[in-house]
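Summary of the model geometry
The lines below spell out each chain.
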Amino acid sequence: MIQQPSPTVTVPTFQKPVTLKQGDAVLIRTARISEVEDIRALFEEEVRAGRMLPRSPHEMRAHINDWLVAEEDGAVIGCVSLVFFNDELCELRSLAVAPEQQGRGLGLALIGAAVELARLRGMRRVLSLTRAVELFERAGFRRDFLANFPQKVWRDCRPCPLRHRCDEVALIYYLDNPPSTAATGGNGKHV
Ligand SMILES: CC(C)(COP(=O)(O)OP(=O)(O)OC[C@H]1O[C@@H](n2cnc3c(N)ncnc32)[C@H](O)[C@@H]1OP(=O)(O)O)[C@@H](O)C(=O)NCCC(=O)NCCS
């Protein structure tokens, strides 16, 4: 039998010019495979210090369209990624800004772009597990309970060596209407 070539699936790339606090313009766009090592360099120190989860270059290349970078003068100065759990819930992960670029508004801009990307992919909720709680709250996330996200717990928390002394907070962004208080059983746990 003659093998038919499989149809090429084209994922639209994300591209968004943003203006930072001081009026500087940067571009937030889909990452390129050639940028994988530049991206890893942005958070390798955090990984070494046990503050961020490592990401393998192989896995990054395979899911490169789920990574966004901030580019200025041809350099990659920030990154963020989405990890998809199912057809409505994804996690914002690996947010990092180059140390010398922090405080310019890039972190907030990258979170906003990742939320937009999640919306374009048809997601309903974006999860983040972070210590930068105020930053995420400022971006519209609200605190939740990790126990509400068994997908995350089973995949990443159970094998994590820091699971018994985890100081990260679960936050969620609703792309459509958040559940009413009644729907969370009054204690924040979804019922
Ligand atoms: C967290 C990080 C991405 C923030 O990037 P940034 O570009 O400095 O953030 P912004 O400039 O957009 O900050 C926006 C506001 O959030 C605040 N903020 C920044 N980082 C924060 C943090 N870790 N915790 C709480 N608030 C924070 C800033 O003070 C700023 O407030 P201001 O406008 O009143 O000055 C950056 O510090 C970083 O890469 N840290 C190392 C990796 C990391 O911790 N990633 C997050 C894991 S989820």
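Everything numeric here is computed off the predicted structure, so don't read it as measured data.

**So, the pairing of strand β8 (residues 169–174)**
Where strand β6 (residues 125–130) meets β8, 6 bridges bridge the pair, whose relative direction is antiparallel. Paired with arginine 125 across the strands is tyrosine 174, a residue of β8.

**Concerning the site of the ligand**
Inspection of the region around the ligand gives 17 residues, with Gln102, Gly107, Leu108, Thr130 and Ala132 positioned closest. Among the elements of the structure, α1 (36–48), β5 (89–97), α3 (106–120) and α4 (133–138) are those that each provide at least two residues to the shell around the ligand. Its residues assigned to classes, the shell around the ligand comprises 9 nonpolar, 5 polar and 3 charged.

**As for the environment of leucine 175**
As for its placement among the helices and strands, leucine 175 is situated in the segment after β8. Put simply, leucine 175 and arginine 124 are 51 residues apart on the chain and 5.0 Å apart in space, counted from C-alpha to C-alpha. If we ignore the near neighbours within four places in the chain, the residues touching leucine 175 are Ala118, Arg119, Met123, Arg124, Arg125 and Val126.

**Thoughts on unusual backbone geometry**
Even without glycine at this site, aspartate 73 takes up a positive phi of about 50°. Mapped onto the elements, aspartate 73 comes out in the loop between β3 (67–72) and β4 (75–84). Its identity as a non-glycine residue notwithstanding, serine 94 has a phi of 60°, on the positive side. As for its placement among the helices and strands, serine 94 is situated in strand β5. Its 23 C-beta neighbours within 10 Å are what place serine 94 among the buried residues.

Rules used in this analysis
- Residues numbered from 1 in each chain as written.
- Predicted model: local features only at pLDDT ≥ 70, side-chain atom pairs only at ≥ 80, totals over all residues.
- Pairing = 2+ DSSP bridges.
- Helix = DSSP H or I, 4+ residues; strand = E, 2+ residues; numbered from the N terminus.
- Near = placed C-beta within 6 Å.
- Nonpolar A, V, L, I, M, F, W, Y, C, P; charged D, E, K, R; others polar.
- Contact = placed C-beta atoms within 7 Å.
- Buried ≥ 20, exposed ≤ 12 C-beta atoms within 10 Å, placed from the backbone.

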